[in-house]
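A closer look at the structure
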Amino acid sequence: MRDSNSLHAVLKSRFGYDSFLGHQEEIVGNVLAGGDSLVLMPTGGGKSLCFQLPALVLGGLTLVISPLISLMKDQVDALNLNGIDARYINGTMSDLEVERVRSQVLAGRIRLLYVAPERLAHPEFRRFLSALDLSLIAIDEAHCISEWGHEFRPDYRNLRQLRDHFPSTPVIALTATATERVRRDVIVQLGLQEGRLFLSSFDRPNLTYTVQAKDRDWTQLTRLLEERRGQSSIVYCFSRQETEDLARFLNDRGLQARPYHAGLDAETRRRNQEDFIRDRLSVIVATIAFGMGIDKPDVRLVVHYGLPRSVEGYYQETGRAGRDGLPSDCVLFFSYADKARQEYFINRIEDASEQRNAREKLDRMVEFAQLPTCRRRFMLEYFGEQRLEANCGSCDVCLESRGSFDATEVTQKILSAVIRTGERFGVHHIIQVLTGSRDKRVLGLGHDRLSVYGIAKDAGRAQLREIIGQLQFVGLLKRAEGEFPTLLVSDAGRAFLQERRTLKLPRPQSPNAGSRRSATADYDEGLFEELRAVRRRLAGDRNVPAYVVFGDASLRHMAAAIPRCVADFLDIHGVGSTKAEQYSDAFLEAIQRYATENGVQPRKGASPVQRDSADQSEAGRPSEPRCLPGATCDETMRLMLQGLSVSEIAAHRRLSETTVIGHLERLANAGTALELERLLPDAERLSRMEEAFEACGSAYLRPVREYLGEGFTYEELRLARIHLRQSGLKDSP
Ligand code: ADP
Ligand code: ZN
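Each residue is numbered by its place in its chain's sequence as written, counting from 1. Chain letters and ligand numbers both follow the written order, the letters beginning at A and the numbers at 1. Restriction of local features to residues with pLDDT of at least 70 applies here, the model being predicted, together with a cutoff of 80 or more for giving and counting side-chain atom pairs; totals for whole chains, interfaces and linings are based on all residues. Note that the side-chain values use all heavy atoms of the structure and ignore hydrogens as well as water.

1. Describing the nonpolar core
For the record, the criterion: Only buried residues count toward a nonpolar core. Its members are Ala, Val, Leu, Ile, Met, Phe, Trp, Tyr and Cys residues joined through side-chain atoms within 4.5 Å. Burial status follows relative accessibility: with a 1.4 Å probe on protein chains alone, a residue under 20% of its type maximum counts as buried, one over 50% as exposed, and anything between as partly exposed. Strands are runs of DSSP state E lasting at least 2 residues, helices are runs of H or I lasting at least 4, and numbering of each runs from the N terminus. In this description, contact between two residues means that some pair of their heavy atoms is separated by no more than 4.5 Å.
Counting residues in each nonpolar core, the largest one holds 140 residues, and the members touching the most others are Ile 139, Ile 172 and Phe 587. Ranked by residue count, the leading element in this core is helix H26 (residues 577–598), at eight residues. Excluding its chain neighbours within four sequence positions, the residues that come into contact with Ile 139 are Ile 65, Tyr 156, Leu 159, Val 171, Ile 172, Ala 173, Leu 174 and Leu 190. Counting residues in hydrophobic clusters, the runner-up holds 33 residues, among them Val 660, Leu 674, Ala 720 and Leu 724.

2. With respect to unusual backbone geometry
Notably, Glu 423 is not glycine yet its phi reads approximately 50 degrees, a positive angle. Here Glu 423 is to be found in the loop between helix H17 (408–420) and helix H18 (427–434). A relative accessible area of 21% means that Glu 423 is categorised as partly exposed. For Arg 500, which is not glycine, the phi torsion reads 50 degrees and is therefore positive. With respect to the helices, strands and loops of the structure, Arg 500 is situated in the loop between helix H21 (491–498) and strand S17 (504–506). When its relative accessible area of 66% is taken as the criterion, Arg 500 is described as exposed.

3. Some details on helix H29 (residues 646–653)
Note: α-helices contain 3.6 residues per turn, so residues at a spacing of three or four share the same orientation. Inclusion rule: Taking the helix axis as origin, the arc is that swept by the directions to the C-beta atoms.
The complete set of buried residues in H29 reads Val 646, Ile 649 and Ala 650. With its buried residues spanning 100 degrees around the axis, H29 presents them on a single face. Among the exposed residues of H29, those pointing more than 90 degrees away from its buried face are Ala 651 and His 652. If you follow the buried residues of H29, they end up packed against helix H28 (631–641), helix H30 (657–669) and helix H33 (714–726). Taken from the residues just after H29, Arg 654 is the one with a positive phi, measuring 55 degrees.

4. Quick notes on the sheet that holds strand S8 (residues 207–213)
This is how the line gets drawn: The pairing criterion is simple: DSSP has to find at least two bridges between the two strands. Note on method: axes are straight lines fitted to C-alpha atoms, helices fitted across the in-contact stretch only, with angles between N-to-C directions ranging 0 to 180 degrees.
Strand order in this open sheet of six strands is S8-S13-S12-S9-S11-S10, and the pairing throughout is parallel. Edge positions in the sheet fall to S8 and strand S10 (257–260), since each of these pairs with one other strand and no more. Sheet twist, expressed as the average angle between the axes of neighbouring strands with direction ignored, equals 20 degrees. As judged from the four bridges shared by S10 and strand S11 (residues 283–286), these two strands associate in the parallel manner. By the bridge assignment, Arg 258 is partnered in S11 with Ile 284. Contacts from helix H14 (residues 352–370) reach S8 and strand S13 (328–334), with the element oriented near 110 degrees to S13.

In structure tokens, the structure reads:
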């Protein structure tokens, strides 16, 4: 059961994947060999499989420690949909429900049991545990055990005892937190000294990082979200108030958005999160409180509208984008005012070393926002990884190779404007003066008569704002502390003017840098949308999040490979046998209908759906189902022989007519003779259809239907086609 072939077989049949990702196979091997493992993998790296697959292979019970109830529920739902017996026990359940799960566990029917760490503190639960024989202990979000991490949870300290209680049970600890210190701490706290460390690259190649200068209003952000309408997006803001204001603002502009922060009542929070997860809401405007509890794989955009406090935090929050590996964007709107906001809080930290630590982290974050070089490289180096290529091709800097520009002149203008206006004004006023605004206040103060009035008319306001920010960063300007943030020229700034120094700065970002579209799709986008609708419907029926049914990657694969039968369907990424059984009818029907009506063909290179060579020999003709009709077709055949009509069979079997006709096509293709006469229309109609097929060929129905005009249904045409082919219809070339 443990050789590589059988592991691959389980991988395919239970999870629907064709191969392991990254270190997965090695990790699974180590777990199965009885070793401890510490798995460090970025979000979306595929950590769950590293304990879920061994849980199936080992048999018995795997205990999974997971810190968040919502995450737990989603994972369990997803496992159950794959036909894997998993349950959870948590505080939201009644005693009766808990009892039911326990007895299922005791009866040996459950492979994975998810619990929160606090549960381990219940003496009663400990008694229950000690009666069990655990095959594996999996500790998700293992960094929560470390006080050095940013998500420390005292309850995780119970885990040490758990481990001591089951000394011979292998432990697998998993985390996406990369810093060295936390990593070492996890090993010590969990007593994993003997274990193997599996460290993956923290690069997230499908994420594009972009930084934009932050404007005073929400225009740029709104534009960005409008371009991404309908895509799941998270916008992180600085304050609770801001999340609410922004959500309202976006709604007024017709963008569905809702706030999320710790100050909302639990019910509202739950509802907003739930709606987001279930694709009933596309934009969530949140404080950083949002995200840890969600596993949504198809978040396509993460925006930071406030400055994160550290690069770790930023990495983790942006990591919520594109967990499914598809291209996604991370956009940071940066302003020096936001830096000052964070500093305000840092200044209030009492412990001196903590304060220093926080300041260092913030400086690194500001550095990230200001980089004239690759942002990805910076981030990876931050986590101790070397990166060789100079150009990553997917951060704004590399994409624009924007480099730096000679900022000497504009700097002179800005510094002069600050001095000439008496060092009593903030950024906004300075920009008004420099750009020659007719603003009342400017005129009232007589600033339109200054020599600096209007000298930087050609520079955009956002650009000036950004350059002013950079001048603070390089120390030529300062911001006075006080009620109004006024700009002052520093000693270095005066020296700059007097000594006629020169200055290079990173080129200001163009306002739309974050809005690049990903490369042209290599799947049928119309079909993809249809499939999303099918998925939403099925998920709604079963009351699970849409992505639990299938991820976007699976739907895109379907929309590229155009599977025509269950065997094809099983080749789709993410389709295992349980899901194929449950969902193939619904998806195949939608795919067939769409493909026939729109003449869609499989995209080139849409592997791994393969076609029989016999199909391909008929050049130019879309391949026919390669699969042999299975039990479901036999059942249709049996009912046909009993004399039922297509609609009767459909009603009897609770299938659609389209699916039933699909069965007939499959039977006919496999060489079964079908007596369809009684299902066909009168001879006159039939001969008109025959004529149309002769004229247009029978490969696609759409041209045939157009030839005939309205009044003929696709169902009728498909039946006629089967009949005509059986009686020797020749397709015209
Ligand atoms: P993590 O917990 O590391 O953030 P997940 O376990 O949620 O990551 O997996 C991330 C995504 O990768 C999921 O959409 C999952 O279905 C997919 N995935 C995991 N393993 C494989 C694999 N071997 N092949 C293809 N996709 C995989
Ligand atoms: Zn780059």
